[in-house]
Amino acid sequence: MKKFLQSPYLLLLAMILILGVIAGCSSDTEGEGDDQTEDTEQEDTQNEGSEDTGNGEISGELEIQYFVGGYGDSWWKEVIGDFQEKYPDVTITEHAGPNINEEMRSRWVSNDPPDVVYIDGAGSSETQMVEDGQLMDLTEWLEGIELADGSKLKDSFIVDPADYDGKTYSLPLVFDTWGTWYDKAKFEAEGYEVPSDFESFMSSMEEIQANEDIAPFVTTGQYPYYFLRGVLYPAFGAAGGDQLLADVIQGKEGAWTSEPVLEVMKKVEEMQKAGFIDEGFGALNHTQSQMNFLLGDNAYIPVGFWLPNEMANDTPEDFEYGFIPSPMNDAGEPMAIVPDLRPLAIAEQAENPEAAKAFVEFVFTREYAKSFSEHTGAIMNITGVDLADSNAPGYLIDANKLINDPEQVQIYQKPHPMSADLETPISNSLVSLMLGNITAEEFVQEAEEAAAEYRAGLE
Amino acid sequence: MVQTKKQKYLFLAFCLVPTFILFAIFTLYPLFSGLYYSFFEWSGSAADKDFVGFSNYIKLFNDEIFPSTILHDYFLVVTKVIGIMILAIFFAVALTQLRIKEAPFYRVIFFFPNIMSVVVIGILWMFIYNPGLGLVNSGLEMIGLEEWARPWLGDEEWALPSLVLPSVWAGIGLFMLLLIGGISNVPKSYYEAAEIDGASEWQQFWKITMPLVWPQIKVSILYIVITTLNGSFIIVQVMTQGGPNNATHVMGSYLYQQAFKQFNFGYGATIGVVILIISLITVLILQFFMRREKVEY
């Protein structure tokens, strides 16, 4: 041993060890990028090596980042496969998965983003990406895009793209709509009326509470934005239209303490005081609240269109999903829906913007909109798609009919998603209100203070 | 054969350099980059960041939520130290002094939560606390105390105290083993002599066991304090996400929310720096109060 310690082998061993550590920790950007997406990356390498010829031909490498959540990835696979067929000179690299936003974060931070991004899921924020200047301005390009029938894409959206000071940075792909779900089979069997306004909603909950001995309404307290987006946004839309909705989302001075907002919050207080809101909601995460709903512990739950897909494995056989816009509107007024759009965008620093634009244009067709509904059970943000003869689920066909009937349902648009800096404090106060710890008046005051702080942070 | 000076230094370098490199990469670099980012306004998801000097620190001192997160952290520290130490000492003494036949079995049982992931523990206790189906509320109803049943994790008053039980449950085993080791090293002759002198078991515990296992108790308390200040955010994140209405946010979970959910990474880094300072001060104060001469008989 002593001999070994004295020999030059020791020095050699030490050098190897140190070099090994240094090499292992050195920053090889290419390597890092590859590692992050090792599980999900799939490369169609038929035409590897081909480069953009620069003459308008679509070629080269195209990187697409998309989140895989409740809607699965089968639709994406179909669309990307078809695009590859149409543009064989393009080498497509997919970055996909349920944690893809986190996995790709270092690529965005190091100014090496993918070309196309579908903005959805935890860890993504369209507003933040626009604020950080990460998305390409598509305003002018969008003007020239036409669908197969010659109509302009710009005029064919169910809901217009998010507007950032008159500019468009993303195209709304998925028409996600929050609303209130109920068990259609049970309602039919028990003869419960499906509510169409706040008054009938309250009387329906009263009847269910008396008959079933349950708290009729549940939501997740760990993610209070489910109630904010699923119930309050439509209520604000119904009470004050797009303007009020925009004002509360942007935290305009006086918006949260305005009369229509206070009226809406009093409705929520009324629900709480009547004991209609499950008093355990504060402890529930979204899955638990949805499980309770499916088990019949509650009759109504506000969630988006993804609920049936997300809970497919846990849905009892005799359960039938029924969907209505959250009935917070006054009697005689149409019900209200505020879509929560999941957009497709092109990175400002995209290395292959031509292919990226070709892909985005390729995706927005009525054919793919129909196939989207069949694959995901949700609606793509394109008008004039007839789902009646499709394989789309029943609740979706019903909802699609409702959405396209302005006498029954009014669609209100928010200018863009609410910033997390405003949504978080408001959501916290909302939980307090729904637990009965503060009044509607105290809530609007707290929300107004949060809005003032948010505005101050923007300056 | 005597080693030359060069060979001696070479051997020292062989032992120390790799360790130092790893320490520098995994401890010093994140520490200093955290400090660096605390002076920037940065979303954490883009390359652009603006130098803002001390404004993140000024914002933190005016933050209404942050002081309550410190209080929540210290509530968990105090309750965990008391709960874990009392139960760990009790079980350690019981398993070593009371000559229980099944002692090895109990040792395994008590240590079991320590080999479980905190995430699993959190999920398990979420079910135990479930307002409708949970063991706690069902148990209370079974013994006729249904008026005590409540949505534990969904109640602004009870959510934080409810986190103490899983944290204590998960922590007992390790410290119990540490103390068993300490107690086993106390010579039996001390207890025999004390018994001959007529000392009761209670007196033996206070006059012999406690002074002689003090080093283990001290290490245990310090360890609980440090791991609670640095790690309690995991159980918060899993069980309550800091809610309802910030009632369970600890400094770590608030940092996570700011940095990764609200995209205020620079501000999150500032909170991280303050957590480091608070932890250091706490440990220094603790060491000052717990200094005590080593006892030998």
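Residues numbered from 1 in each chain as written. Chains lettered and ligands numbered in written order. Predicted model: local features only at pLDDT ≥ 70, side-chain atom pairs only at ≥ 80, totals over all residues.

- If you look chain B up in an unreviewed UniProt entry, it shows as ABC transporter permease subunit from Salinibacillus xinjiangensis.
- Quoted verbatim from the Sequence similarities (unreviewed entry) heading of the UniProt record, the comment on chain B is "Belongs to the binding-protein-dependent transport system permease family." (UniProt positions renumbered as here; feature names shortened; annotations may be inferred.)

A word on the overall build of chain B
And then number 1: Counting secondary structure elements, chain B contains twelve helices and two strands.
And then number 2: Counting from the amino terminus, chain B carries its helices and strands in the arrangement α-β-β-α-α-α-α-α-α-α-α-α-α-α.
And then number 3: With respect to the three principal axes, the spread of C-alpha positions in chain B is 80 × 75 × 30 Å.
And then number 4: Put simply, 69% of the contacts in chain B that link residues at least 6 apart link residues at least 24 apart. (Helix = DSSP H or I, 4+ residues; strand = E, 2+ residues; numbered from the N terminus. Contact = placed C-beta atoms within 7 Å.)

Concerning the overall build of chain A
And then number 1: Each helix and strand counted, chain A has 19 helices and twelve strands in total.
And then number 2: Burial status across chain A gives 47% buried among its 459 residues.
And then number 3: Counting contacts in chain A only where the partners sit at least 6 residues apart, residues at least 24 apart contribute 75% of the total. (Buried ≥ 20, exposed ≤ 12 C-beta atoms within 10 Å, placed from the backbone.)

Observations regarding the packing of helix H12 (residues 259–273) of chain A against helix H19 (residues 440–458) of chain A
Residues and elements named next belong to chain A.
And then number 1: Look at H12 against H19: their axes get within 9 Å of each other, and the N-to-C directions meet at 130 degrees. In terms of axis orientation, H12 runs oblique to H19. Crossing of H12 over H19 shows right-handed handedness. Contacts from Val261, Leu262, Met265, Lys266, Val268 and Glu269 of H12 reach H19 at Ala440, Phe443 and Val444.
And then number 2: When its residues are assigned to classes, the contact of H12 with H19 shows seven nonpolar, no polar and two charged. (Axes fitted to C-alpha atoms, helices over the stretch in contact; angles between N-to-C directions. Parallel < 35°, antiparallel > 145°, perpendicular 65-115°, else oblique. Left-handed = near helix turned anticlockwise from the far one by under 90°. Nonpolar A, V, L, I, M, F, W, Y, C, P; charged D, E, K, R; others polar.)

What to know about the confidence of the model for chain A
Detailed reading of the predicted coordinates is not advisable wherever pLDDT falls low.
All names here are of chain A.
And then number 1: Per-chain confidence: chain A averages 86 in pLDDT, with 88% of residues scoring 70 or above.
And then number 2: Overall, residues 1–7 carries pLDDT values under 50, and its contacts beyond four positions in sequence, including any with other chains, amount to seven contacts.
And then number 3: Contacts from residues 10–55, a stretch scored under 50 in pLDDT, to residues over four places away or in other chains number 54 contacts. (pLDDT = per-residue confidence, 0-100.)

Points about the domain arrangement of chain A
Residue and element names in this part refer to chain A.
And then number 1: As assigned here, chain A comprises domain 1 (39–175 + 341–396) and domain 2 (177–339 + 405–458).
And then number 2: Just the C-alpha atoms count here: the centres of domain 1 and domain 2 sit 30 Å apart.
And then number 3: With 17 residues of domain 1 in contact, the opposing surface of domain 2 contributes 17 residues.
And then number 4: Looking at side-chain class alone, the side of domain 1 that touches domain 2 contains nine nonpolar, five polar and three charged residues. (Domains from an automatic or database assignment.)

Looking at the pairing of strand E10 (residues 339–346) of chain A
Residues and elements named next belong to chain A.
And then number 1: For E10, the buried fraction is high: eight of the eight residues fall into the buried class.
And then number 2: Burial of E10 is two-sided: the residues Pro339, Leu341, Pro343 and Ala345 facing one way and the residues Asp340, Arg342, Leu344 and Ile346 facing the other way are all buried.
And then number 3: When strand E4 (residues 116–118) meets E10, the two strands line up antiparallel, connected through three bridges. The partner of tyrosine 118 across the bridge, within E10, is leucine 344. (Pairing = 2+ DSSP bridges.)

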